[in-house]
Each structure stands twice: as C-alpha cells, then as structure tokens.
Amino acid sequence: MTTKKRKERLDRGIKVRSDDIFALTSYREMLYVAVPSVLPVAVLLILPLILPTYWQKVLISTSVFAILAMSWDFLVSVGMVSLGQALFFGVGGYLAGVLDHHLHLPIWLTIPLATVLGGGLCTVCLVPVLRLRGIYFAMVTLVLPLMIERIIEATGFLGGTEGLTGLKPFPSIYAELYLIVAAMLLVLFAVRRMMSTDYGLVLRAIQENDRSVMSGGINIYYLKAQALFLGGCACSFCGAFMTHVYMFVGMPAFALDYSILPIASAVVGGMGTFAGSTLGAFILVPLSEALRGIGGLRTVIYALSLTVFIVALPEGVFHYIQRKYKQFERWVEVER
Amino acid sequence: MTSPSPHSEKSVLLSVRDLSKSFGGVKAVTGVSFDVREGELLGIIGPNGSGKTTLVNLITGFITPDSGEVVYRGRNITGLMPYRIARLGIARTFQMVRPFTALAAFKNLIVPLFSPRVKSLSGGRYGDRDAVAKDLLEEVGFERESSVTYKPAGSLPHGYLKRLELAKCLALRADLIILDELFSGLSIAELASIVPVIEKLVVEGKTVIMIEHRLRELFRIANRVVVLNFGTVIAEGIPSEVMQKDEVKQAYLGSED
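Residues numbered from 1 in each chain as written. Chains lettered and ligands numbered in written order. Predicted model: local features only at pLDDT ≥ 70, side-chain atom pairs only at ≥ 80, totals over all residues. Heavy atoms only, no water.

Take the overall build of chain A next. Check the secondary structure of chain A and you find 13 helices and six strands. For a compact globule of 336 residues, the expected C-alpha radius of gyration is about 20 Å, and chain A comes in at 22 Å, within 12% of that figure. Its C-alpha atoms give chain A principal-axis dimensions of roughly 90 × 55 × 40 Å. Scored against the burial criterion, the 336 residues of chain A give a buried share of 47%. Long-range contacts, defined as pairs at least 24 residues apart, comprise 77% of the intrachain contacts of chain A with a sequence gap of at least 6. (Helix = DSSP H or I, 4+ residues; strand = E, 2+ residues; numbered from the N terminus. Rg over C-alpha atoms; globule rule 2.2 N^0.38 Å. Buried < 20%, exposed > 50% of the residue type's maximum accessible area, 1.4 Å probe, protein only. Contact = heavy atoms within 4.5 Å.)

Structure follows, in structure tokens:
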C-alpha cells in the first residue's frame, strides 16, 4: 500500500448542494468559511486606531462612498438604475443641517431623523417616476440633484451659496470613525442577509423580469418604493453624517461625485454582492487620495486605472477574488 | 357574438366585450367579444399577427384597451393593474419564456407564492414556501428531489422552462389560467407529459384559456375554440365544427384547402 498525494479543493466536502449551505466538521473548515467575513471586519475595526490623521479622514470618506455604492448596487438589483445618489446624500445632509441650525437638535437626533426623513422625502420625490424603467428612470435621478443645487443657488434658500455653517461636530474623530465603519458593516451584512430572504428574492426578480413578477400578483411599484426608501435612508445617513463631520452643509452635498463614484466603485468591485461595491470603494477612494501628490495628471492616471480594472476584470474584483478563494487547493493523501 | 353552446349551463367566468386596441395605425384587436365559462378549456387560435397575444395582454392588464371591457366574475376589471388582476385569480404564462435565471428552479415559484393572494387563500399564513414550491414543480412534471429542481433556471432546458411557467400559475392558485403558446417548441415527449397536467387542472375545476398554434394537440383537449384573424373573431364553436367553416379554412388554413 503506497501513499500518494493529490490536489483537492479546500471547499470540497464543505459545500452541500448550493453555494450557501455548508457542512462543517472541523475548526479548519469553519475557519475557511469564516475568514472572508471575519478578517475584513477585524481589519476595519483596528484601522481607525493605527492610521495617521490624514488617512483616518480617507477611511471616513471611503466608508461613506462604500455605503453609497452599496445603496446604488441595491437599487440596481431591484431594477432601478440611479444616476443620482447625490440626491439622497444631499437631502440627508441638508436635513441634518436644518435640524441642527434651525431646530438646534442634538447630533444624536439630527442624524437618525435626517436618515429616515431623507429616505422618505427622496422616495416621495421619485414615486411618480417609478414606472419608468432603465435609462428613463436614471435620467430623472440625474437631473433632480442638479436641479436642487441650482434652486438653492438661485433662491438663497437653505443658506444659498453660503450653506449652513457652524453645525455641531462629533465629540472626537474616533466617534466619527467607528460610527461610519459600524454603519458600513451594518449596511453590508443587513443588505446581504435581506437579499437572501424571500423578500429579497422577489426584489431581485423585479430586476430580471418585472412583468413576470406582476403576473405573480405582486405590486412591484410598492416594493420598488420600499427599496427606494431603504436605499435612500442609507445615503441620507451618509449625508447627515458628513454634515456633522464638516460642521457645514452646502451645495457640494449635491455634487456629481456622490453619484458617479459609487457607480464606479460598484462596477470595479463587482455588482450584486454588496461586498464588491464596498471593496470597489476601498480601492478607488484611497487610490484617488494616493494620487493627490502627482498633481495635474492625477485624473488621467485615475481614469486609466479605472479603465484597466474594468477591462481586465469586467466581472469585478470581488467576484474574481471570490472565485479564486473557492479554488484554493490543498494536498491530500490518498491510499492506494 | 355569443352563440349557443353545450356549456351554456355553466356560469360565465370571464366575459370579453367589444374589446379594441390599436397601436399607432395598426388595429391589433377590433371589437372582440367572447365568454369563458367556468371549468372549460377554451382555445384561441389564429394566424400570426391575428392579435392573440395582444388579447392576452388586454385581459391581464398589461395593455389598456382603447374601448370595450373585460368582466371577470361580474366585475369590470378593464384598466386594472396587472398585479391586481393576478390577485383576483387570473394567471398567465408568457410566450417568451423568461425565468429568473439566477434563481434555482424552485425558487422561481417564491415570487407568486409571495403574493398576498396566496396568503389570504392559506388562511393568513404563507407557510413553508420552499416546500410548496417543490411540490408544485413535481405537479408539473419535475422529478421529485431531482437536480433540475435546484439548478439555476437559466440553465434549464426549454421543456422544463415551459413547465416552470405553468407552475407559476399554479403557485398563484389561479382560477383562470391563460397559457400563451405553452406548447410551442416542445417535443412530442414533452407534450405527452404536459398535456395531462393541463387536463388535470380542468378536472380540478380550473378554467383554462390556451393560445395555440399546435392545433392537433389543442383540439384534443379544448372544449371550444375562438378563431381570430386580423384582430377580429371570425369563428367560434367546438373544434371539429369550427374547422369546417369556410372563413376559417380560407383565413387560417387556406393552404390545406
């Protein structure tokens, strides 16, 4: 009897029938399944403590863009292509500003209120166009934030071009860091969990074939409005959060960046998994910051690297890593 | 347009009255009227472009008619949203089969099982949707616990996709099931397994409307057929009689004359 060795995939024997059901028999196998979610969480919780101040700020904006990207990804998976994440972001930002500036509410009230009211307000704004599909819906979402920006500029409403200043700050940068990182992780795990329930399944089905969903007796407009509210709340939270980080809210809250960068993040990271959108934000935002030293050619290099990502890994970085991780092999002894 | 028929003793479930719809200058459906009685299997036939699918879309609310009305169980349902019509118990299949490709076959049925109609029919509870879905697939001819049940719907063969479409109607517990060219593209063997499923539905008291091109198979199971041509009803009656009519021969089977 000779002992020979052959290669075997690590997930062999763990996977049962589908990708999300596992039969775990040892700590090593549990580790294999747990590492992809536990490791990034651990890193994200330690990072705020070890980063220098400048990169702490980068982590904050990265997390914000990660949430915006997940929200975009979520809306897409329900069949709504939004080109206006800035709408949700800006509305949340201004609501927090108004609640602070005019009503003098404490920060622990302005942010939750702005989150929910922002989600609601944006939903109300977009309900009339929910029947539009694809590019028609996208155009409306693109136009709304630009329009609001101009209205604020022209009428001087909400502080006009000056914005609202002197808003309450967070007690410390660690409060900012841990709040936004926790929020990002919460959104990530909550939306992933939700999409695997029957409710999430029906939402995803709307994207694929809304007529078939309707003939299943399901009011897709009501479900889309719900999705819009959830996605809107996540972005409005970011807006409200950043208002207090900057202690200021102004027209830049409706800037195109907040609409475009989340889309780029989701595309680079890989759509449909939400972890991909997060990863995309964690690639693009720090990359953009790191290139800041280069000067004039920054945008060019940034655009080039974006193109490289999309051409080389059209499926998205996350899908690529996920596939490779599942293909990890080990040597096992076989008896002959 | 209602002619006396052997089924007249049964009550009318769906009544289409003088329905018209044009797209731009094209009159897709013009003044179509017919009744569907409870428990019957009505075939709707006609050459390509005669307005059959438009008619289905008009009945199920995907298109609003220019004039005329659709009455279901005595209630005017013209202009209602498709999901409202579905909730009243009218289910349909689509000519172009487009399943939820990424979902496992049985998970496709979660969508209609999620409908409030199913909840209210099950006494306010949804129950174990996965289990119900697997049972339904078995009813339409998926082998129990076979791998096809768990495969992504996008990878299923055509015959299974057609059965899946039918299962979606069953999942909604519809009283009126409209099958838009369910038989198209099916092999003789696949037909042989799906026809009994439809026959069983009728035995169980469901009402079925079948839009079909495969006349031989349809005539074997249909109680009555309506013949459309250029958007109007040119004949109506039991299959064997309808095919004897001159206008039908000319319009629809001219070459076989």
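Attention shifts here to helix α11 (residues 275-290) of chain A. All names here are of chain A. Its 16 residues give α11 an end-to-end C-alpha distance of 23 Å, which sits within 8% of 22 Å, the value for a rise of 1.5 Å per residue. Within α11 the residues assigned to the buried category are Ala275, Gly276, Ser277, Thr278, Gly280, Ala281, Leu284, Val285, Ser288 and Glu289. On its buried face, α11 sits against α2 (53-77), α6 (173-195), α10 (257-269), α12 (298-312) and α13 (317-326). (Expected span 1.5 Å × (residues − 1).)

Further remarks concern the pairing of strand β4 (residues 67-72) of chain B. Residue and element names in this part refer to chain B. Of the strand pairs in this sheet, strand β1 (residues 12-23) and β4 are connected by five bridges, and their pairing is antiparallel. Within β4, the residue paired with Ser20 across the bridge is Ser67. Where β4 meets strand β5 (residues 75-76), two bridges bridge the pair, whose relative direction is antiparallel. Bridge assignment links Val71 to a residue of β5, and that residue is Asn76. Taken together, β4 and the strand that follows it, β5, pair antiparallel across an intervening segment of two residues, in which Arg73 is found at a positive phi of about 50°. (Pairing = 2+ DSSP bridges.)

Spatially, β2-β1-β4-β5 (chain B) is the arrangement adopted by the four strands of the open sheet, whose pairing is antiparallel. Each edge of the open sheet is held by one strand with a lone partner, namely β2 (26-37) and β5 of chain B.

Attention now moves to a nonpolar patch on the surface. Where nonpolar side chains cluster on the molecular surface, the patch consists of Ile294, Leu297, Val300, Ile301 and Leu304 of chain A and spans about 440 Å² of accessible area. Here Ile294 of chain A shows up in the loop between α11 and α12. (Patch = residues over 30% accessible without salt bridge, like charges linked within 9 Å, V, L, I, M, F, W, Y side chains within 5 Å. Areas by Shrake-Rupley, 256 points an atom, 1.4 Å probe, with all protein chains shown as cover. Salt bridge = Lys/Arg side-chain N within 4 Å of Asp/Glu carboxyl O.)

Residues and elements named next belong to chain A. Where α11 contacts α12, the two axes come as close as 10 Å, and the packing angle between them is 155°. In this view, α11 runs roughly antiparallel relative to α12, as classed from their interaxial angle. When the axes of α11 and α12 are compared, the crossing they make is right-handed. Here Ile283, Leu284, Leu287 and Ser288 of α11 come into contact with α12, specifically with Arg298, Tyr302, Ser305, Leu306 and Phe309. Partitioned by chemical class, the residues of the contact of α11 with α12 number six nonpolar, two polar and one charged. (Axes fitted to C-alpha atoms, helices over the stretch in contact; angles between N-to-C directions. Parallel < 35°, antiparallel > 145°, perpendicular 65-115°, else oblique. Left-handed = near helix turned anticlockwise from the far one by under 90°. Nonpolar A, V, L, I, M, F, W, Y, C, P; charged D, E, K, R; others polar.)

The partner chain A presents 20 residues to the 27 residues of chain B that form the contact. The largest per-residue losses of area from chain B upon contact with chain A belong to Tyr83, Phe100 and Phe114 of chain B, which jointly make up 25% of the total buried on that side. Joining chain B to chain A, the criterion identifies one salt bridge. In this structure, Arg129 of chain B and Asp198 of chain A form a salt bridge, with 2.5 Å as the shortest nitrogen-oxygen distance. Between chain B and chain A we count seven residue pairs in polar contact (both at pLDDT 80 or more) in total. (Buried area = accessible area lost by both parts, 1.4 Å probe. Polar contact = N/O pair within 3.5 Å; in protein donor to acceptor, adjacent residues only side chain to side chain.)

Here we come to the side chain of Ser63 of chain A. All names here are of chain A. Note on placement: Ser63 falls in helix α2. Taking the relative accessible area as the measure of exposure, Ser63 reaches 0% and is therefore buried. Ignoring sequence-local partners within four residues, the contact set of Ser63 consists of Ile180, Val181, Met184 and Phe282.

Our focus in this paragraph is α2 of chain A. With 25 residues, α2 of chain A extends 36 Å between its outermost C-alpha atoms, agreeing within 8% with the 36 Å of an ideal straight helix rising 1.5 Å per residue. Looking one or two residues beyond α2 of chain A, the residue adopting positive phi is Gly79 of chain A, at roughly 90°.

These results come straight from atomic positions and should not be treated as a statement about function.
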